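# Report on the structure
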Amino acid sequence: MSVELSDVARNADLVVKERSTQPRIMLGHTSSVLAAAFFKDGRRVVTSSSDKTLRIWDVQTGALVGAPFKGHKGWVRSVAISPDDRRIASGGEDKTIIFWNAENKQMILEPLAKHTRDVNSVCFSPDGKRLASGSSDCTVVVWDAETGAVLATLPHDSLVLTVVFSPDGLKLASGSKDNTIRVWHTSDAEVLLKFNAHQDRIRSVVWSHDGQQLVSASYDQTVKFWNSSDADQIGQPCAGHTAWIYSLAISFDDSFIATASWQALEHTTWVGCVVISPNGELLMSGDGDGKVRLWSIKNILEEYSAEDRLKEELDSANHDALSTPLLPDIAQSDIQSRNESESSDNCDITSNHSSETHIASSTRTFPSLFDNLPMNTAVRNACIAGDLHAAEEILTQEIDTDGDNCDSHASRSVVMARNSDWDQALRDADNSIAIQPSLMGCVSKGIALCGKGQLWDAMEAFDLAFTFATRDSMTINLLLLIKAIVLFNAGRHDEAVRRVQDLTITCQHLDTLPCSVVNSYLHVQLANISFENGRYLEAAEQSTEVLITTLTGLSLHTALCEPRLKIFTVLFGWDLDSLWRTVHQQRCDAFLRADQVIEAVESYQYMMRMINGAEKTSCLGWSTTFEQDCIARCVVKGEEAVVTNDHARAIQLYSAGIGLDPSYEPLFVRRGKENLGQNLYAEALSDAEQVIELNPSSYTGYELKH
C-alpha cells in the first residue's frame, strides 16, 4: 500500500512527543546509582549508590521504605538479595562486603575484608548459602553466607567486574577487564571454561534461566550470546550501542534483555544499572544524577512495535530524508530460538539512528556552544574581558528597548550569575523562558538555581536544555560539561570530576579537547581548595597529577586560547589563557608551604624552563617573591639539618638556594663550611672561590680557601 509522507511524518512525531511510557522518577540518592536488585516479591527494589548508601523503594508508590542503609565508607558498587528476601549483600569502594538484615537494615556480620581493592560485583547462590564477590584485586572470592568464612579464592588476570551463579548453583561465571569470561565448578573451584569473549572489558554476565546460555555485555559496545557448555558463540552480537555498556539484565522468561549505556531511556546522563522485575512487567534504571526510574516494559515494547511499523512504512515509501525517531534502548531477543537476521534487526533498535548520528558528526569539528547561545559580540567580548558592568549595561539597554527579547534576558542572567546576584539571574532566566523557551534560557536557569542552592531544580532545568540539542551529540556533550561544572561549583566535586572523566572516555571518537580542558581546570580547583584548607602537600600532589595526566600532551599554549573554549570564560569566568602558568605556580607554592623546599625549587626551575618570555614577564612579581621565600627557607631548613647532623641534607638545601640565586654569598659560605666539615675539599674550595669572587674583601671566603 502507498503511504503519504506527510501522514507518516505526523504519526512518527506523535510517537516521540506523546509517549505512553512515562516512567516514575524516584528521588532519594544524592549521587550516582550504581547497582540494583528486585526482591522476589516484586514489590520492592534495592539500590546502591556512590553516596555510600543503599535504599529500598516501594515499587507501587515510588516511596522510600524507611531510612537508608549506612555502613560503607565509599561508593557502594554492587548489591544482591538472598533468595529468601531476608538478607542483602553489598560491596564497594571500601574493599568490604556487608551483610544486612533486609527488614531492620542492621549489619548481620562485621564487614568482610579479604579483598584488597574495590568490590565490583556480589551474587548469592540459588540456595542462599554462598556469596560470590568479584574485585579489582583480580580475584573472585566465594564466601559462606551464614558465617562470612572464605570458601574459595579464584584468580583472574585482571580486574573482575561481574560474577553470577548458574541457576542450579553448580557453576559460577565471572567477567573481567582482561576481556575473558571464566566458568568455574563451585564444588572444587575447577576452571571449566576460559575464553576471550570481547574486545574490551566485560562489564556484565547473566545466565539464561535454563543454564544453557550465557549473555555478556562489554565496553566494546556489544552484547553476545554463548553456549555455556563449550563457549561457542550463538548468533551474531547485538552491536548497536555507540558507548560503553554498563549493565545487562535478562527477563525471567528469557524473552528479552535490557542493557544500560549512555543516555538510554530518556536519561540525560549515563545509566549505571538496569534490572527487570520477577514478573517481567517493570524495568528499573538508575543514573549518574542519582535518579531511579521505573518503566512499564509492556508499554516500551508496544511502543517499539508501533515505531518499527512506522519505520517499515517509511522505508517502503523510499523517503530517506526522514529519519527514524529515537527509541528506548531496549534489546529485544528470543534467547531460545534466534536466527542471525533477527539478532541484527532486533538486538538494538537504536542502532540505525546511532550510526547515522556518528557518521554525520564525525565529519565536522566540535562546535562552539556560541553557535547556540545568541549573545551579541559586544556582550561576549565584555564577559571574556571580565568587564561585567559593561556587559550588564548593554543588555539592560537591549531589554529596555525590547522587553520581549528572550535572548537578552538569558544573556543578562549569565552576567548576573557571574556577579553572584543569583536572585536577579533567576528572574532574568525565568523571564527569558516565559517569553520563549530556549537552550540558552534553560542553561542560564540551571546555573542560577544551582547558585541559589536548589540543585535538583537546577538539574531539571538542564534536562530541559537537552531538548533543544536536536540530538546533536557534540552539543549534548558540551551541555554535559556545563552541567558538571555547575555541580562542581555547588560542592559536588567528586561527582563532577567523575562525570567529566566518564564523558572523556565515552567521547573518544569525538574531539576530546573540551573534556580534557574542563577536567584539568576542575583538578586545578581541587588543588586550590586543598591549598586554602591548609592541606599543602595534598595540593602539591594534585597539581603534579594535573601536569602529568591531564595537561601533558596538549598543545596548551595554543589550545587553551581557542575561541570555542571561551564559552567557559563567558559562563563561569574561567581564565584559561593562564591555566598552564597557574597550575605551575600553585604547585610551587604548595610545595613551599608544605616545607618541601627542594621539591618547591625543582618545580619552580621546571616551570621557568617550560614557559616563554612573555609568561615569565607576566609573573615577575610572583617569581621574585617566591625566590626570596625559597632562599630564606633553604637557609632555615639547612641550619635545622646541621643541628641534627644531617649534613648531606644541609648541603642539598644550600645548593637548592644557590640554584635560585647564584649571587647570594651567605649560601656559598654555609655550603662551603658543610663541605669542609665532610672532608669534601674540592667542593669546599670551589665554594670559597665563589665567595671571594662575589665579595673580594670577604674574610670568610679566604678563611675557607686556606
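Here the structure is a predicted model, which is why all the values come from computation and not from measurement.

### Here we look at the pattern of salt bridges
- Taken as a whole, this structure holds 21 salt bridges when the rule is applied.
- With a closest N to O distance of 3.0 Å, Asp118 and Arg77 form a salt bridge. With a gap of 41 residues between them, Asp118 in the loop between strand 8 (97–101) and strand 9 (119–124) and Arg77 in strand 6 (residues 76–81) connect regions that are remote in the sequence.
- For the salt bridge of Asp463 with Lys291, the shortest nitrogen-to-oxygen distance reads 2.8 Å. Of this pair, Asp463 sits in helix 10 (residues 455–465) while Lys291 sits in the loop between strand 23 (282–287) and strand 24 (292–296), and the two are 172 residues apart along the sequence.

### Here's the deal with the packing of aromatic side chains
- For the coordinates displayed, the defined rule picks out 12 aromatic pairs.
- Relative to Trp100, the ring of Phe69 lies with its centre 5.3 Å away and its plane at 80°, an arrangement referred to as edge-to-face. Remark: Trp100 occurs in strand 8 and Phe69 occurs in strand 5 (residues 69–70); sequence separation between them is 31 residues. Like Trp100, Phe69 is buried.
- A connected cluster of aromatic rings, assembled from ring pairs, spans Tyr521, Phe568, Phe572 and Trp574.

### What about the side chain of Ser158?
- Relative to the elements of secondary structure, Ser158 occurs in the loop between strand 12 (150–155) and strand 13 (160–165).
- Residue classification places Ser158 among the buried positions, given a relative accessible area of 14%.
- In contact with Ser158, not counting residues within four places along its chain, are Cys138, Ser176, Lys177 and Asp178.

### A few points about the packing of helix 8 (residues 422–435) against helix 9 (residues 439–451)
- Axis separation between helix 8 and helix 9 bottoms out at 8 Å; the angle between their running directions is 155°. For the element pair helix 8 / helix 9, the angle class is roughly antiparallel. Judged by the twist between their axes, the crossing of helix 8 over helix 9 is left-handed. Residue-level inspection shows Trp422, Ala425, Leu426, Ala429, Asp430, Ser432 and Ile433 of helix 8 in contact with helix 9, the latter providing Gly441, Cys442, Ser444, Lys445, Ile447, Ala448, Leu449 and Gly451.

### Looking at the nonpolar core
- Phe568 and Trp574 are the most contacted members of the largest nonpolar core, which has 99 residues in total.
- When residues of this core are assigned to their parent elements, the largest contribution, 11 residues, is made by helix 11 (residues 473–489).
- When neighbours within four sequence positions are excluded, Phe568 is seen to be in contact with Leu478, Leu481, Ile485, Val518, Gly573 and Trp574.
- Residues Ile181, Phe195, Val205 and Ala231 belong to the second largest nonpolar core, which totals 24 residues.

### A look at the environment of Val414
- Relative to the elements of secondary structure, Val414 occurs in helix 7 (residues 406–418).
- The exposure class assigned to Val414 is buried, which follows from its relative accessible area of 3%.
- Measuring from C-alpha to C-alpha, the distance between Val414 and Gln424 comes to 10.0 Å, with 10 residues separating the pair along the chain.
- Setting aside anything within four residues of it in sequence, one finds Val414 in contact with Met440, Ser444, Val570 and Leu571.

### Side note on the layout of surface pockets
- Taken as a whole, the second largest pocket encloses approximately 1,300 Å³ of empty space.
- Along the walls of the second largest pocket sit 47 residues, with Ala36, Ala37, Cys123, Val164 and Val206 positioned nearest its centre.
- Those elements that place two or more of their residues in the lining of the second largest pocket are strand 2 (33–38), strand 6, strand 9, strand 13, strand 17 (202–207), strand 20 (247–250) and strand 22 (271–276).
- Residues that form the lining of the second largest pocket fall into these classes: 32 nonpolar, 11 polar and four charged.

### Remarks on unusual backbone geometry
- Its identity is not glycine, yet Ser420 carries a phi of approximately 65°, on the positive side.
- By secondary structure assignment, the location of Ser420 is in the loop between helix 7 and helix 8.

### Some thoughts on the sheet that holds strand 22
- On the basis of which strands lie adjacent, the open sheet formed by four strands has the order 1-24-23-22 and antiparallel pairing. Whereas interior strands pair on both sides, the edge strands pair on one side only; in this sheet they are strand 1 (24–26) and strand 22. Averaged over neighbouring strand pairs, the angle between their axes works out to 20° when direction is ignored.
- In terms of strand pairing, strand 23 meets strand 24 through five bridges, oriented antiparallel. If you follow Met284 over to strand 24, its bridge partner there is Leu294.

### Focus on the state of the cysteines
- All told, the structure shown has zero disulfides when counted by the stated rule.
- The cysteine Cys634 is free of any disulfide, with Cys630 supplying the nearest cysteine sulfur at 6.0 Å.
- On the basis of relative accessible area, Cys634 is assigned to the buried category, the value being 0%.

Conventions and cut-offs
Residues numbered from 1 in each chain as written. Predicted model: local features only at pLDDT ≥ 70, side-chain atom pairs only at ≥ 80, totals over all residues. Heavy atoms only, no water. Salt bridge = Lys/Arg side-chain N within 4 Å of Asp/Glu carboxyl O. Helix = DSSP H or I, 4+ residues; strand = E, 2+ residues; numbered from the N terminus. Phe/Tyr/Trp six-rings, centres within 6.5 Å; stacked < 30°, edge-to-face > 60°. Buried < 20%, exposed > 50% of the residue type's maximum accessible area, 1.4 Å probe, protein only. Contact = heavy atoms within 4.5 Å. Axes fitted to C-alpha atoms, helices over the stretch in contact; angles between N-to-C directions. Parallel < 35°, antiparallel > 145°, perpendicular 65-115°, else oblique. Left-handed = near helix turned anticlockwise from the far one by under 90°. Core = buried A, V, L, I, M, F, W, Y, C linked by side-chain atoms within 4.5 Å. 1 Å grid on protein atoms, 1.4 Å probe; cavity = no way out; pocket = protein on both sides within 12 Å on 5 of 7 lines; lining within 4 Å. Points joined across faces, edges and corners; volume = space filled by probe spheres on them. Nonpolar A, V, L, I, M, F, W, Y, C, P; charged D, E, K, R; others polar. Pairing = 2+ DSSP bridges. Disulfide = S-S within 2.5 Å.

The analysis is restricted to geometry; functional conclusions fall outside its scope.
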